[in-house]
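A closer look at the structure
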Amino acid sequence: MKKGMIVIFLLTLIDFGLAQVDSSIRGIKVFIPDTVVKTHVLIDSVPHFKFILDSSATVISAFDENGKKLWQTDPWKDSKLQRYRVDRPKVVEFYIANDPYVKFHNVIMIVYNSSQTGYLDEKTGRFHFAGQD
């Protein structure tokens, strides 16, 4: 009986947390964090690239080991993604990962507070939209 009440209590807390942000899309409630990513600099030690997310959490720049700027992009704007849930999405997750389609090739994964996601090619800065929920 106690386990059942604990589960109900936890589900109520979860539901309360999710109810704080209502996407109003098909009536589905979705939690979208409104905080900016904590790490603003990523370093890939293999090609010695440094990736910097600006203070607005919208523009990413890449630099080589000598500090030369390789590229700069605002992935959402440059890719002409459509508005989804928020007027101007901000990056809330920003990390280096293996490309899901090309093995042994690193990419920069991006998650926006709009729930749109994608990844940047480290070498070119080209954004690949992965979807939204």
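Basis of the calculations
Residues numbered from 1 in each chain as written. Predicted model: local features only at pLDDT ≥ 70, side-chain atom pairs only at ≥ 80, totals over all residues. Heavy atoms only, no water. Buried < 20%, exposed > 50% of the residue type's maximum accessible area, 1.4 Å probe, protein only. Helix = DSSP H or I, 4+ residues; strand = E, 2+ residues; numbered from the N terminus. Pairing = 2+ DSSP bridges. Phe/Tyr/Trp six-rings, centres within 6.5 Å; stacked < 30°, edge-to-face > 60°. Lys, Arg positive; Asp, Glu negative; His and termini not counted. Salt bridge = Lys/Arg side-chain N within 4 Å of Asp/Glu carboxyl O. Contact = heavy atoms within 4.5 Å. Axes fitted to C-alpha atoms, helices over the stretch in contact; angles between N-to-C directions.

**Focus: the pairing of strand S8 (residues 106-112)**
Most of S8 sits inside the fold, with six of its seven residues counted as buried. Alignment of strand S7 (residues 91-98) against S8, held across seven bridges, turns out to be antiparallel. Of the residues in S8, the one forming a bridge with Tyr-95 is Met-109. Across five bridges, the pairing between S8 and strand S9 (residues 117-121) is antiparallel. Its bridge partner being in S9, Val-107 is matched across the sheet by Asp-121. Connecting S8 to the next strand, S9, in antiparallel fashion are four residues, including Ser-115 with a positive phi near 80 degrees.

**Some details on the packing of aromatic side chains**
For the structure shown, the criterion picks out two aromatic pairs. On the numbers, 6.2 Å between centres and 90 degrees between planes, the contact of Phe-49 with Phe-51 is edge-to-face. Ring centres of Phe-51 and Trp-71 lie 6.0 Å apart, and the angle between their planes is 35 degrees; on these two criteria the pair is classed as tilted. Note that Phe-51 is positioned in strand S4 (residues 49-53) and Trp-71 in strand S6 (residues 69-73), a separation of 20 residues in sequence. One aromatic cluster in this structure is built from Phe-49, Phe-51 and Trp-71.

**Quick notes on the side chain of Asp-121**
Within the secondary structure, Asp-121 sits in strand S9. The buried charged residue Asp-121 lacks any salt bridge partner; its closest oppositely charged side chain belongs to Lys-123, at an N-O distance of 6.6 Å. When residues no more than four places from it in sequence are discounted, the contact partners of Asp-121 are Trp-71, His-105 and Arg-126.

**With respect to the sheet that holds S8**
Across the sheet, four strands lie side by side as S7-S8-S9-S10; this open sheet has antiparallel pairing. For this open sheet the edge positions go to S7 and strand S10 (127-131), each flanked by a neighbour on one side alone. Direction aside, neighbouring strands of the sheet carry axes that sit 25 degrees apart on average. One ladder, built from four bridges, connects S9 with S10; its direction is antiparallel. Looking at the pairing, Tyr-119 lines up with His-128 of S10.

**Remarks on the pattern of salt bridges**
Any two side chains of opposite charge can pair, given that their charged atoms come close. A full pass over the atoms with the stated rule returns three salt bridges. Of the charged contacts in the structure, one is a salt bridge between Asp-74 and Arg-88, with a shortest N-O distance of 2.2 Å. Residue Asp-74 is found in the loop between S6 and helix H2 (75-78), and its partner Arg-88 is found in the loop between H2 and S7; the two are separated by 14 residues along the sequence. By relative accessible area, which is 10% here, Asp-74 ends up buried. Exposure remark for Arg-88: the relative accessible area of 30% places this residue in the partly exposed category. For Arg-85, the salt bridge identified is with Asp-133, shortest N-O distance 3.5 Å.

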